[in-house]
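# Reading the structure
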Amino acid sequence: MNTNELPKVLEPKEFEDRIYQFWMDNHLFEPLPENGKSPFAVVIPPPNVTGVLHMGHGLNNSLQDALVRYWRMKGHPTLWVPGTDHAGIATQQVVERRLAKEGKTRHDLGRENFVKLTWQVKEEHHAIISQQLKKIGASVDWSRERFTLDEGLSKAVREVFVRLYERGLVYKGYYLVNWDPSAQTAIADDEVEYKEVQGFLYHLRYPLSDGSAWLEIATTRPETLLGDSAVAVHPDDERYASFGGKTVRLPVVGREIPVIADSFVDREFGTGVVKVTPAHDPNDFEAGLRHNLPQINILNPDGTLGPNVPERYKGLTTVKARELIVQELTEQGFFVAQEPHKHQVGHCYRSGAVVEPYLSEQWFVRMKPLAEKALAALREDQIRFYPKRWEHTYVNWMENIRDWCISRQLWWGHQIPVWTCESCGHLHVKTEAPRNCEKCSSDRLIQDEDVLDTWFSSWLWPFSTLGWPEQTPDLARFYPTSALVTAYDIIFFWVARMVMAGTEFLGQAPFRDIYIHQLVRDKQGRKMSKSLGNGIDPLEIVNEFGADALKFTLVYLSAQGQDILLDKDGFKFGSKFANKVWNASRYLMMNLPEEGILERSQLEYGPADRWILSRLNGAIRSIDTAMQAYKFNDVGHTIYDFFWYDFCDWYIEASKLDLASTEPSIKRQAASKLLYVLEESLRLMHPFLSFLTEEISQKLPVHAPNLVQAPYPEALPERDAPEVEAHFAALQELIRGIRTLRSEFTLPPEKNIRLIVGLDSDHPEHDFFRAQEKLILMLIGAQELTWGASGSVHPGAVTVVGRGWEAYVFVKDLVDVVKESEKLSKTIEKTMKYVQSVDNKLANPAFTSGAPAEVVEAERTKREEAEKTLKRLKAYLVQLQS
RNA sequence: GGACGAUUAACUCAGUGGUUAGAGUGCUACCUUCACACGGUAGAAGUCCCCAGUUCGAGUCUGGGAUCGUCCACCA
């Protein structure tokens with residue numbers, strides 16, 4: 001017979017890699033063929049290829065894995081598409097930093113070589129990322145892995161660009177955009193993070209050209225004075241009414257600029273006069289357009305001062321220029337004062353560099369028409385957010401959408417599919433490079449040098465990964481996908497835009513359910529980051545506790561809508577549970593019957609068996625409900641409670657009676673039944689403790705070939721046994737009560753205790769209790785139990801009173817009557833109070849007529865029980881004091 | 001300025017209008033009894049942020065307030 005024993009200590013490292021390999025070798029993560037059940041598809045939020053997985057990925061992928069494994073076991077053809085994102089700015093910077101160490105820039109290599117090198121770096125990192133996903137057990141279909149820059153996805157990107165262009169939704173224009181001087185590229189509005197910075201508000205004097213007076217303006221950026229082309233006041237501001245139409249002479253540069261009136265000026269702020277720098281401030285840019293002001297650019301692409309400034313300012317950083325201009329203004333008497341001032345400064349979310357508003361020619365996507373379709377998708381219930389409240393965020397963003405700047409002045413990315421004829425200037429927007437100009441036949445065609453925003457490929461992810469624009473079988477079968485699992489910080493960047501792309505190009509939202517999970521933070525609630533050094537590496541957890549501990553802990557903690565605060569020790573929780581599962585299984589393996597396991601049909605069920613099967617039914621139902629509502633923490637609780645409290649603490653304990661039997665057939669029955677319940681529990685837990693359950697399962701004498709595609713347990717109505725559950729609940733109460741007594745009077749376990757249980761003959765558990773005498777004795781560690789009538793008097797015994805019963809335990813030493821009486825009086829008082837409160841409730845006609853009948857009935861029953869308990873308590877008190 | 005969330009045991013958090021509000025960790029006592037000391041058995045621990053309201057009944061729903069947090073917009 002099977003003598004496979006489990007090692008004494010759980011060492012996840014011993015089997016995790018082997019098990020993962022086993023799953024892959026057998027192609028278990030690939031979708032099943034058509035079987036009449038609806039497919040379940042998920043695309044992974046592609047991690048940056050040059051990043052490393054952090055705990056956020058740990059959470060994200062643990063939840064997806066749980067979800068995907070659950071539906072796969074439910075028999076749905078399931079697909080989880082893996083892949084990575086080329087992450088334009090981030091990756092290019094990784095490579096540029098590498099070059100910088102050799103004293104080189106990307107320009108030393110040239111575009112072609114630089115891109116080649118970046119592909120190499122990508123390959124190195126990609127291997128790491130894939131390895132990490134395997135380590136945490138992600139059941140992704142590696143045969144379908146994609147990369148945002150691979151050929152198929154690039155084709156999708158070009159196709160989308162061309163279609164948008166043809167629909168008039170892509171345009172090129174010269175605008176003020178957010179400029180990252182460190183990466184020297186434009187970025188989108190969403191990519192700017194505003195941080196509060198302590199600066200100064202400088203008050204400066206601009207003299208009127210005629211010398212008759214001066215205007216005092218306030219600014220946080222005095223150096224931009226060099227690009228001023230007007231000074232503005234509010235049209236209704238009486239203080240400055242007389243200045244309309246006049247001009248001022250710009251200090252330092254001497255340029256004459258008009259005083260304009262515009263209602264964008266806030267009269268309350270500063271002096272009510274504002275300098276207007278159309279080339280370096282979004283508000284001023286708009287004002288400049290309204291008033292036809294020149295746009296005077298003063299910055300180089302790297303953020304230093306350059307064009308249109310006096311020679312001595314050229315090449316200075318804005319910080320240096322600020323110092324110099326303040327100095328010059330002071331010397332020339334134009335400086336009034338400076339006061340401390342907190343204000344928001346934009347930073348690039350990728351590079352962290354301070355963003356400059358900067359004039360340049362860029363490509364944009366007109367977003368309004370796309371947003372309307374995406375809003376309709378929500379209205380029509382094509383997409384559902386879990387938790388629902390994120391709908392607000394989505395709608396709010398969609399309704400206030402601005403055009404999307406999609407061109408990036410980088411080399412790493414999808415080069416914009418636009419070719420300009422050098423001869424005639426004709427523009428070709430094509431999915432493939434044209435050979436000749438379609439206007440003048442010239443072959444001198446130059447492709448636009450810029451690349452597209454990384455998110456311009458990410459937003460196509462749910463269908464580009466399935467083969468679009470080709471009409472592939474995968475696309476037909478798995479689009480739209482079933483669920484998207486992601487954190488709330490990329491709802492705008494990614495989720496919203498994917499819905500836009502899906503509705504625009506496929507006429508259908510790309511997924512049905514959107515589960516928005518938490519961010520993982522440290523115990524102080526801070527975002528995990530490299531600079532703080534507070535991050536937890538998921539692999540470190542895998543190494544120390546195992547992948548199952550990682551996943552189970554995260555699933556258990558994953559309540560909707562809250563951030564998860566975690567430190568490394570938090571994972572001990574999952575580790576302990578995994579250990580418990582391991583040891584329980586090990587114990588059962590050690591007790592396999594020599595004659596072999598019985599067939600299911602040969603099993604004979606007693607009360608404990610019927611109880612655990614009924615409890616198992618309950619657990620299965622809870623899990624089904626919770627999984628369908630994406631309530632992962634409920635699932636975690638259900639699994640934990642069922643396995644630990646029901647299966648281990650009670651069922652295994654109760655079975656020890658039979659397992660220790662000298663009668664082989666009894667032992668064989670017990671061991672077989674335990675094993676079947678364990679086997680089913682392992683399947684139940686597999687989506688959440690994948691490696692461990694697979695490892696154990698394969699060593700059981702009866703088991704599925706693998707758990708990945710094994711059928712998920714289903715609740716079987718014939719197993720429901722509410723009356724047995726009620727009996728058992730009463731039994732547990734009795735046992736706990738006696739154990740408490742034991743503990744209170746520190747009756748050592750080796751000492752046999754003398755026990756009398758008083759029970760009404762009409763007690764609903766009367767027969768059940770008496771039938772379970774042996775079990776009761778074992779579970780409380782006594783050898784003899786006398787059944788008596790309730791309310792008897794037993795001098796020298798302490799008593800615990802339950803619902804419908806009382807237990808007397810004889811203690812050797814004298815009972816501290818005073819102490820015991822006090823405690824008892826307290827309990828009596830509490831119970832009386834309770835009875836009183838229920839009485840009040842029942843005496844209230846509003847309650848008896850207003851509340852549902854079963855609630856009223858339940859209250860009555862509880863009252864009666866409490867009343868009975870009270871009687872017994874009082875009787876005991878009397879006895880104690882006599 | 002706008003929106004959203006949170007506030008429950010010492011800590012981290014669950015909690016679906018209906019028992020006397022729960023878990024994990026930590027703490028206390030006892031137990032190395034033959035699966036597990038990453039364990040067992042018990043115990044202590046609560047103004048469910050505050051105020052009003054709705055309801056037969058509120059930790060749960062409504063309104064107001066306080067504190068903390070997040071996002072969006074933004075004052076040069």
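Being a predicted model, the structure only gives us computed values, none of them experimental. (Residues numbered from 1 in each chain as written. Chains lettered and ligands numbered in written order. Predicted model: local features only at pLDDT ≥ 70, side-chain atom pairs only at ≥ 80, totals over all residues. Heavy atoms only, no water.)

### Examining the sheet that holds strand 13 (residues 335–348)
Sheet architecture is open: 3 strands sit in the order 8-7-13, paired in antiparallel fashion. Lying at the two open borders of the sheet, with one neighbouring strand each, are strand 8 (214–219) and strand 13. Across the sheet, the axes of successive neighbouring strands diverge by a mean angle of 20°, strand direction being ignored. (Pairing = 2+ DSSP bridges. Helix = DSSP H or I, 4+ residues; strand = E, 2+ residues; numbered from the N terminus. Axes fitted to C-alpha atoms, helices over the stretch in contact; angles between N-to-C directions.)

### Some remarks on the pattern of salt bridges
The final tally for this structure, using the stated rule, is 55 salt bridges. Glutamate 256 is paired through a salt bridge with arginine 249; the nearest N and O atoms lie 3.0 Å apart. Bridged by salt links that share partners, the residues Arg221, Glu223, Arg322 and Glu356 form one connected network. (Salt bridge = Lys/Arg side-chain N within 4 Å of Asp/Glu carboxyl O.)

### With respect to the protein's contact with RNA strand B
Near RNA strand B lie 52 residues; those nearest to it are Phe269, Asn283, Trp644, Tyr645 and Tyr834. Sugar plus phosphate: this is where 64% of the atoms of RNA strand B within 4 Å of the protein reside. Side-chain polar atom of lysine 580 to a base oxygen of RNA strand B: 2.9 Å apart, as the coordinates give it. Arginine 586 places a side-chain nitrogen or oxygen 2.6 Å from a sugar or linking oxygen of RNA strand B. Looking at the surface near RNA strand B element by element, the count peaks at 10 residues for helix 17 (residues 572–590). Grouping the amino acids of the surface near RNA strand B by side-chain chemistry returns 24 nonpolar, 14 polar and 14 charged. (Near = heavy atom within 4 Å. Polar contact = N/O pair within 3.5 Å; in protein donor to acceptor, adjacent residues only side chain to side chain. Nonpolar A, V, L, I, M, F, W, Y, C, P; charged D, E, K, R; others polar.)

### Digging into the packing of helix 18 (residues 607–628) against helix 19 (residues 632–659)
Here helix 18 crosses helix 19 at 175°, and the two axes come no closer than 9 Å. On the basis of the axis angle, helix 18 is roughly antiparallel to helix 19. Taken together, the residues of helix 19 that come into contact with helix 18 (itself represented by Ala608, Asp609, Trp611, Ile612, Arg615, Leu616, Ala619, Ser622, Ile623, Ala626 and Met627) are Phe632, Asp634, Val635, Thr638, Ile639, Phe642, Asp646, Phe647, Trp650, Tyr651 and Ala654. Broken down by class, the residue content of the contact of helix 18 with helix 19 amounts to 16 nonpolar, 2 polar and 4 charged. (Parallel < 35°, antiparallel > 145°, perpendicular 65-115°, else oblique. Contact = heavy atoms within 4.5 Å.)

### Comments concerning the confidence of the model for chain A
Chain-level statistics for chain A give a pLDDT mean of 90 and a share of 98% at 70 or above. Model confidence for the complex: the whole-complex pTM is 0.92, and ipTM, which rates the interface, is 0.94. (pLDDT = per-residue confidence, 0-100.)

### Focus: the packing of aromatic side chains
Applying the stated criterion to the full structure yields 50 aromatic pairs. Pairing tyrosine 349 with phenylalanine 493 gives two aromatic rings, centres 4.9 Å apart and planes at 25°, and the pair type is stacked. Taken together, the positions of tyrosine 349 in the loop between strand 13 and strand 14 (356–365) and phenylalanine 493 in helix 14 (residues 491–506) put the pair 144 residues apart, joining distant regions of the chain. Taken individually, tyrosine 349 and phenylalanine 493 each receive the classification buried, so the pair is uniform in this respect. (Phe/Tyr/Trp six-rings, centres within 6.5 Å; stacked < 30°, edge-to-face > 60°. Buried < 20%, exposed > 50% of the residue type's maximum accessible area, 1.4 Å probe, protein only.)

### Description of the side chain of threonine 148
Structurally, threonine 148 is set in the loop between strand 4 (146–147) and helix 6 (151–166). Judged by relative accessible area, which is 0%, threonine 148 ranks as buried. A distance of 2.7 Å separates a polar atom in the side chain of threonine 148 from a polar atom in the side chain of histidine 86. What threonine 148 contacts, discounting residues up to four positions off in sequence, is Thr84, Asp85, His86, Leu153, Ser154, His414, Ser457 and Trp461.

### Quick look at the sheet that holds strand 27 (residues 784–788)
Strands sit in the order 27-26-29-28 across an open sheet of 4 strands; the sheet is mixed. At either margin of the open sheet sits one strand with a lone partner, and together these are strand 27 and strand 28 (797–802). On average, adjacent strands in this sheet sit at an angle of 20° to one another, irrespective of strand direction. Pairing analysis gives 6 bridges linking strand 28 to strand 29 (residues 805–810), with the strands arranged antiparallel. Counted as the bridge partner of valine 798 is valine 809 from strand 29. Sitting on the sheet, helix 24 (residues 773–780) is in contact with strand 26 (754–759) and strand 27, with an inclination near 125° to strand 27. Lying on the sheet, helix 27 (residues 853–881) is in contact with strand 26, strand 28 and strand 29; it crosses strand 28 at an angle near 170°.

### Focus: the pairing of strand 29
With 6 of its 6 residues buried, strand 29 lies for the most part within the structure. Residues of strand 29 alternate between two faces, with Trp805, Ala807 and Val809 on one and Glu806, Tyr808 and Phe810 on the opposite face, all of them buried. Inspection of the sheet shows strand 26 paired to strand 29 by 5 bridges, in the antiparallel sense. Note on strand 29: the bridge partner recorded for leucine 759 is tryptophan 805. Between strand 28 and strand 29, which pair antiparallel and follow one another directly, the connecting turn spans 2 residues, one of which, glycine 804, has a positive phi of 85°.

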